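# Geometric and topological summary
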Amino acid sequence: MRNRLDRRQSTRNPAARPSVIQTIFAVLGSWSMSMAANTHGDGFPFVCLSWFGLDGDAMAAAMEPALSGSIALQRIYPDLPGCGRSPGGPEDSDGIVDAVLEFLDARIGSGRFLLAGCSYGGYIASAVARRRPEQVAGLLSICSGVKIRPADRDLPDPPHRVDPAGWLSGVPADLRDHFSLALGNRTGEVAERVAAVLASSAPGDDDYLGRLRATGYRLSDEDAAWTYPGPTSVIAGRQDRIAGYADQFRALASFPNASYSALADAGHYLPLEQPRAFRDLTQEWLARCDIGW
């Protein structure tokens, strides 16, 4: 099984998809591609980018419980290139960022928006903030990649505890090795919850995603010195053995108005592993965002 920032199942559960508005925009003028997105609600734009290989519905499953009862937000959940309904296209992560920027230009124009990303989505979200800091009204970075090459990441050691017997027995066999690395809240209930979200993600272009990871995963400016001054919340799982938590702490120099949280008993799917704590942190971040709405 392939390790991702980080994982998707090809099994689709149509009943899990909410009633949404689908938007498709043609982008990147030298060749034709489209990015699909689901939109929930009305209000200030809030763009949320998902884990590598997972579609916007997976990100919605993570974010929507944390946003219930909050300020009026138009939550936009794109399928990144090669994920869900969006075809592959860009040869590298720089091209993915360009595609996202073109999508934002078509959807939001020159207006401001909130931005969140999980894992690879957080890696891309930080690049968007790096390129368009004046448009990003606030950045929520969740279990995000900082060093995208696995060999470059500072990852925690395995937890010093005995896992509950049979905690992975209720999930598909091909997910068990991944979950043993990715999950920090190691209970059968959490494992089955995360597995259900992965299963609900629409199949993408695995061949394209494999090429992207093999030859174009790292952003050309990954190591560049930069500053995003807006309200930021960096959230990591203390037991995340996919993206870690130490690299995210070191990256705080780029975010002078950031809070940082490393949650115990949380891993790479933190919003699904610790939903109450994640909601509290998200609401605290929203309260700091001056969106003038």
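Now for a quick tour of the structure. (Residues numbered from 1 in each chain as written. Predicted model: local features only at pLDDT ≥ 70, side-chain atom pairs only at ≥ 80, totals over all residues. Heavy atoms only, no water.)

## Some thoughts on the pattern of salt bridges
Side chains that differ in charge, positive against negative, can pair when their charged atoms come close. Let me state the cut-off plainly: The term salt bridge refers to a pairing of a side-chain nitrogen on Lys or Arg with a carboxyl oxygen on Asp or Glu at a separation within 4 Å. The way it works is that DSSP assigns letters per residue, a run of H or I at least four long becomes a helix, a run of E at least two long becomes a strand, and they are numbered from the N terminus. Here's how the labels work: a residue is buried when its accessible area is under 20% of the maximum for its type, exposed when over 50%, partly exposed in between, all with a 1.4 Å probe on protein chains only.
Under the defined criterion, the tally for this structure stands at 15 salt bridges. Here Asp221 makes a salt bridge to Arg131, at a shortest N to O gap of 3.3 Å. Highlighted residues: Asp221 in the loop between helix H6 (206-215) and strand E7 (232-237) and Arg131 in helix H3 (residues 120-131), separated in sequence by 90 residues. On the basis of relative accessibility, which here comes to 18%, the residue Asp221 falls in the buried class.

## What to know about the nonpolar core
Our working rule: Joining through side-chain atoms within 4.5 Å is the link that ties buried Ala, Val, Leu, Ile, Met, Phe, Trp, Tyr and Cys residues into a set, and such a set is a nonpolar core.
Core analysis: the biggest nonpolar cluster contains 47 residues, and Phe46, Met59, Met63, Leu114 and Phe179 have the highest contact counts within it. At seven residues, helix H1 (residues 56-67) tops the list of elements feeding residues into this core. Residues Val97, Leu101, Leu209 and Val234 belong to the second largest nonpolar core, which totals 38 residues.

## Here's the deal with the packing of H1 against helix H9 (residues 275-288)
What describes two packed helices is the angle between their axes and the distance between those same axes. To keep things clear, this is the line we draw: Think of each axis as a best-fit line through the C-alpha atoms, taken over the contacting stretch in the case of a helix, with angles from 0 to 180 degrees between the N-to-C directions. Each angle receives one of four descriptions, namely roughly parallel if under 35 degrees, roughly antiparallel if over 145, roughly perpendicular if within 65 to 115, and oblique otherwise. If you view the pair so one helix is near and one far, a crossing is left-handed when the near helix is turned anticlockwise from the far one by less than a right angle, and right-handed when it is turned clockwise. When checking whether two residues touch, look at their non-hydrogen atoms; a contact exists if any pair is within 4.5 Å. Gly is placed with the polar residues, together with every amino acid not listed as nonpolar (Ala, Val, Leu, Ile, Met, Phe, Trp, Tyr, Cys and Pro) or charged (Asp, Glu, Lys and Arg).
Direction vectors running N to C along H1 and H9 enclose 70°, while the axes themselves pass 8 Å from each other. When the interaxial angle is binned, H1 and H9 end up roughly perpendicular. Handedness of the H1/H9 crossing: right-handed. Residues Ala62, Met63, Pro65, Ala66 and Leu67 of H1 touch H9, and the partners they reach there are Phe278, Arg279, Thr282, Gln283 and Leu286. For the contact of H1 with H9, the per-class residue count stands at seven nonpolar, two polar and one charged.

## What to know about helix H2 (residues 93-107)
Spelled out, the test is: Helix span, as expected, comes to 1.5 Å for every residue beyond the first. Pairs of N or O atoms within 3.5 Å make up the polar contacts considered here, provided that, within protein, one atom can donate a hydrogen while the other can accept it, and that residues adjacent in sequence are counted only when both atoms are side-chain atoms.
When the terminal C-alpha atoms of H2 are compared, their 21 Å separation across 15 residues agrees well with the 21 Å that a helix rising 1.5 Å per residue should span. Those residues of H2 not exposed but buried are Ser93, Asp94, Gly95, Ile96, Val97, Ala99, Val100, Leu101, Phe103 and Leu104. Sitting at the amino-terminal end of H2 is Asp92, which places a side-chain oxygen 3.3 Å from the backbone nitrogen of Asp94. Following H2 by one or two positions, Gly109 has its phi on the positive side, about 75°.

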